[in-house]
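Observations on the model geometry
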Amino acid sequence: MQEDEKKKKAEFRKRMEKEVSDFIQDSALQKKKYAPMGKIERSILHDVAEVAGLTSFSFGEDEESRYVMLFKKEFAPSDEELEAYRKGEEWDPQKAEEKRRLKELAALEEESASRSDKRPVSPSSNYRDKYSHLIGTSAAKDAAHTLQANRAYGCVPVANKRDTRSIEEAMNEIRAKKRLKKDDDSGAGSSNASL
């Protein structure tokens, strides 16, 4: 039984190779549609088409109605054409061009309509009204009246902001402070040890 199936598959493959070769030789044909066939036959045909350098697609809804279409590489199908075949429709280039133009016009009209309908953005609710139960109606006004500037901040004269010492003088001052601190720590430590 398996030998018989293998023989049938080999014969089918040879027949498909011959048909694909004839299709390639015929310069008038751009695509070829095969009758519906089983899954194994479709896979053999796809393999033969790939080896021959052709583009192949399967279309159809049910397993029984699926068929293969071959396209020459230079006449590969467009996305619109593939979509039409997937829907089970015949593809017509003039109708496709007309649909494309209509889509472009609709998109342009929609864009122009959206440009002309632009309104200023405004919130749908007033936050003061929304949160008046929390902050009251006059809380912000009362806070603004009682606010006074703190004179301690931001009142440093420019002369105090500039350090006119050289780097050496600043480093010597830092070292002297460290020495004093170290001496204080060591003096405090020796007096505690004597007690």
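Calculation criteria
- Residues numbered from 1 in each chain as written.
- Predicted model: local features only at pLDDT ≥ 70, side-chain atom pairs only at ≥ 80, totals over all residues.
- Heavy atoms only, no water.
- Helix = DSSP H or I, 4+ residues; strand = E, 2+ residues; numbered from the N terminus.
- Buried < 20%, exposed > 50% of the residue type's maximum accessible area, 1.4 Å probe, protein only.
- Contact = heavy atoms within 4.5 Å.
- Areas by Shrake-Rupley, 256 points an atom, 1.4 Å probe, with all protein chains shown as cover.
- Axes fitted to C-alpha atoms, helices over the stretch in contact; angles between N-to-C directions.
- Parallel < 35°, antiparallel > 145°, perpendicular 65-115°, else oblique.
- Left-handed = near helix turned anticlockwise from the far one by under 90°.
- Pairing = 2+ DSSP bridges.
- Patch = residues over 30% accessible without salt bridge, like charges linked within 9 Å, V, L, I, M, F, W, Y side chains within 5 Å.
- Salt bridge = Lys/Arg side-chain N within 4 Å of Asp/Glu carboxyl O.
- Core = buried A, V, L, I, M, F, W, Y, C linked by side-chain atoms within 4.5 Å.

Okay, the overall build of the chain next. Scanning the chain for helices and strands turns up 9 helices and 3 strands. From first element to last, N terminus to C terminus, the chain shows the α and β order α-β-α-β-β-α-α-α-α-α-α-α. The proportion of buried residues among the 195 residues of the chain is 14%. For the chain, long-range pairs separated by at least 24 residues make up 51% of all intrachain contacts whose partners lie at least 6 apart in sequence. Accessible surface, the chain: about 16700 Å² in total, of which carbon and sulfur atoms supply 53%.

Here the focus is the packing of helix α1 (residues 2-25) against helix α2 (residues 39-52). Between α1 and α2, the least distance of the axes is 10 Å, while the angle of their chain directions is 45°. Taken together, the axis directions place α1 and α2 in an arrangement best described as oblique. Judged by the sense of rotation from one axis to the other, the crossing of α1 with α2 is right-handed. Where α1 approaches α2, its residues K9, F12, R13, M16, E17, V20 and I24 are matched on the opposing element by I40, E41, I44, L45, D47, V48 and A52.

On to the sheet that holds strand β2 (residues 55-59). The sheet built from 3 strands is open, its strands ordered β1-β3-β2 with antiparallel pairing. The open sheet has two free edges, formed respectively by β1 (31-33) and β2, since each of these has just one partner strand. In this sheet, adjacent strand axes meet at a mean angle of 20° when their direction is disregarded. Sheet topology note: the β2/strand β3 (residues 67-71) ladder contains 5 bridges and is antiparallel. Each residue of the ladder has a partner; that of S58, found in β3, is V68.

Looking at where G38 falls in the secondary structure, it is placed in the loop between β1 and α2. In this structure the C-alpha to C-alpha distance between G38 and R66, which are 28 residues apart in sequence, comes to 7.7 Å.

On the surface, L102, L105 and L108 cluster together to form a nonpolar patch covering roughly 310 Å² of accessible area. Structurally, L105 can be placed in helix α4 (residues 93-116).

Moving on, we get to the nonpolar core. V20, Y34, L45, L54 and L70 are the most contacted members of the largest nonpolar core, which totals 13 residues. Secondary structure elements with two or more residues in this core: α1, α2 and β3. By size, the runner-up hydrophobic cluster in this structure holds 6 residues, among which are F59, Y67, F71 and Y85.

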